[in-house]
Structures are given as structure tokens and as C-alpha cells.
Amino acid sequence: MAGSTPGGTSLQESEHAGAMPSSEKQDRPESLLTVVIAFAANLLVAIAKTVASLISGSASMTAEAAHSWADTGNEIFLLVAERRGAKKRDRKHPLGYGRETYIWSMFAAFGLFTAGAVVSIWHGITELGETGPAEDVVLNYVVLGIAFVLEGTSFLQAYRQAHGAATKRRVPVLRHVLQSSNPTLRAVFAEDAAALVGLVIAFLGVLLHQLTGLAVFDAIGSIAVGLLLGVVAIVLIERNRRFLVGEATSPELEDAVLTELLRRDEVERVTYLHLEFVGPSRVFLVAAVDLTGNELEDHVAVRLRRVEASLEESQYIEEAVLTLSIPGDASLAARGDGDVPGIVRDGTVEDVAAGGAGTLRTE
């Protein structure tokens, strides 16, 4: 059984037998680029919307200005998340600093909820009783058009990053964004999508105010933008919370790691497998294995450490801990059909991952 695999595929064929190679693809630089583009776009849009709202007095434009300033502040939190989460592990943090990414991303989501949603809803409610025709609507339309172009540019970058990974996983883009262990990608994707929808809502509010002369439509637009931001913020907060407390990993990821373990010449079978995300694209692996042969205890310990070290050569394995299987324990087998997606064979654990933590056992 040594060296066999459940599905005949592996994470990647390595030049060194038994090694789990690192893919040359790096997720963090692309995520950082996505955040930087979003920050620049949101800052320019926030300034333009603020000027337009002060001149026109439009409630919808004021809500959009608050939205953009909230997004701009959030990008700073996401930049901090990328920087702090990328720090190497040390004695004080043996599993690295990856979870800081989820914490700072949650701060960003709270900022979106308070500075964006609450302010927009409150301002809309205070403007419900206002009357009078719309003023400087041309300026509002120009600013909304410019904002749509800038926000669309930022969204396209986030979409391109998500679409590439989703295509390799063979899942819909939205599902990948929601399941991904990368919170900065999820935040920028969700915030930019909400920004585009919010611009449409603001446009309708300004237009209806202009056509009817009723300021209530502008106020309703502000409230609608706030409710939209509130929903997005709650979703982001919940996803970060789940990654912090741990949730079940996807069968794809478990099958991929199980396959990778079983393809090694030293491993005859696996009876226990636990995977847990400790940061974006970084997992903590615990497994019980039965090694080939029948050697003395000290020799077995050396072989286990050797397999652990080879697993940790991957940029996606923060730490691997292996122990010996109990003779009577049942062997694990991949639950899929053996058709492991190409992105799994390339070693990109991030693009396979659906959750934060999980344990694979026999039924």
C-alpha cells in the first residue's frame, strides 16, 4: 500500500520524492494589490461624493459619501491585516500570526457597519421630512458616474482574483469568495459589489427626487444604502468569526491532504486527520499514520519527524504533527470520486479550502 493514493492524483509531482512542494503562485501579493487599488479608488470617490453632497444637500449622496469614507478606512485595516498576518511564527506564536488577518478584517467590517450603515440610515431618517426640489443634480450624476468607473475598476481586480481561483476549484465565484480563507479578498469583493449597488440606489434616489420634487425618495435612497451596508457588514463579521473559532473544512481539502499523505513512501495508511486554518492559506495539520516496515521505536520517531518536516516545506502548512496509528483503527479513504481539481494538484490549499477547522475520521 505504500505510496498509493485513493484517487491516483497528488498535490503536485515533486522533484524530491515525498516532499510537499510549494506552488510558485503567491496569494498575498495579489491580495495586497487588490486592497491598494480599492483604497485608492475609495479615497478618490469619497472626496468627490463629499463635495457633491455638500453642494447639493442630497441625502443619498451624503449616504454614499459616508459609505466611501467607511470603505477607505476599512482598506487601512485590511492593509494592516495583510502586514501583521504575514509575520513569521516565533516562540510566542508557534502557529504564526495568520489569525490576526481575521481580527483586523473584523475591525474593518465593524467600521463598515458603524461608519457606513448606521450613519446612512440615521441621515436618511432625519431627511424624511424634508421638502423642496432637487438641487445641482447634474453634479450628482457626474460624481456618481465617475464613482461607478473607479469602483468598477476596483471590483474588477477583486473579481479577477476570485474568478481565477474559483475556476480552478470548479465552483461559482460567489461560493469561493464566501468560503475562501482569504478575508481581505472577501472584504474588498463584498464592499466593492455593495458600492456598485449603492451607486445605483443613490442614482435612483436623486433621479426620483428630481422627477417628482419629493425629497422622500432621496431619503429612502440613503436608508436603502445603509441597510445594504449593514447586511454586507454582518456577513463579513460572521465569516471572520467562524474562521477565528473554527469550522469544518471542505471534503476537497481533506481528500487532497489525505491523498498527499498516502502518496509518500513512508506512509502505509492514515487513521486520523485534523485540519485547521491558522491564517489565510495556512493550515495546521495533525494526523495519525501507520508507517511502512516494522522498525524500532527510535527509528520510527526519526521517520515521523522527517515526514513532518517535508510537509512543512509547503508554504501552506504552518505546522504538521504526526503520531502513530493504533493497530485496530480503521484506515481513512478519500470520500470524493478521485477527480482532484488541478488547483489541488498544484498545491494551492487556499483555493480548495472551504472552512476553518475539521477532522476526518471513518464513519
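Residues numbered from 1 in each chain as written. Predicted model: local features only at pLDDT ≥ 70, side-chain atom pairs only at ≥ 80, totals over all residues. Heavy atoms only, no water.

Evaluation of the coordinates by the stated rule reveals nine aromatic pairs. Here F77 and W104 contribute two aromatic rings whose centre-to-centre distance is 6.1 Å and whose plane-to-plane angle is 35°, an arrangement assigned as tilted. Placement of the pair is F77 in helix α2 (residues 59–85) and W104 in helix α3 (residues 100–126), with a sequence separation of 27 residues. Ring geometry for Y102 against F243: centres 5.1 Å apart, planes inclined by 5°, an arrangement best described as stacked. Taken together, the residues span a long stretch of sequence, with Y102 in helix α3 and F243 in helix α7 (residues 216–245) at a distance of 141 residues. The pair Y102 / F243 is uniform in exposure class, with both members buried. One aromatic cluster is present, built from ring pairs that chain together F77, W104 and F107. Positioned above the aromatic ring of Y97 is the side chain of K87, whose terminal nitrogen or guanidinium carbon lies 4.3 Å from the ring centre. (Phe/Tyr/Trp six-rings, centres within 6.5 Å; stacked < 30°, edge-to-face > 60°. Helix = DSSP H or I, 4+ residues; strand = E, 2+ residues; numbered from the N terminus. Buried < 20%, exposed > 50% of the residue type's maximum accessible area, 1.4 Å probe, protein only. Lys NZ or Arg CZ within 6 Å of the ring centre and 35° of its normal.)

On to the environment of A288, then. Assignment of secondary structure puts A288 in strand β2 (residues 282–291). A sequence separation of 14 residues divides A288 from H274, and the C-alpha atoms of the two residues are 9.2 Å apart. In contact with A288, other than residues within four places in its own chain, are R269, V270, T271, Y272, T323, L324 and S325. (Contact = heavy atoms within 4.5 Å.)

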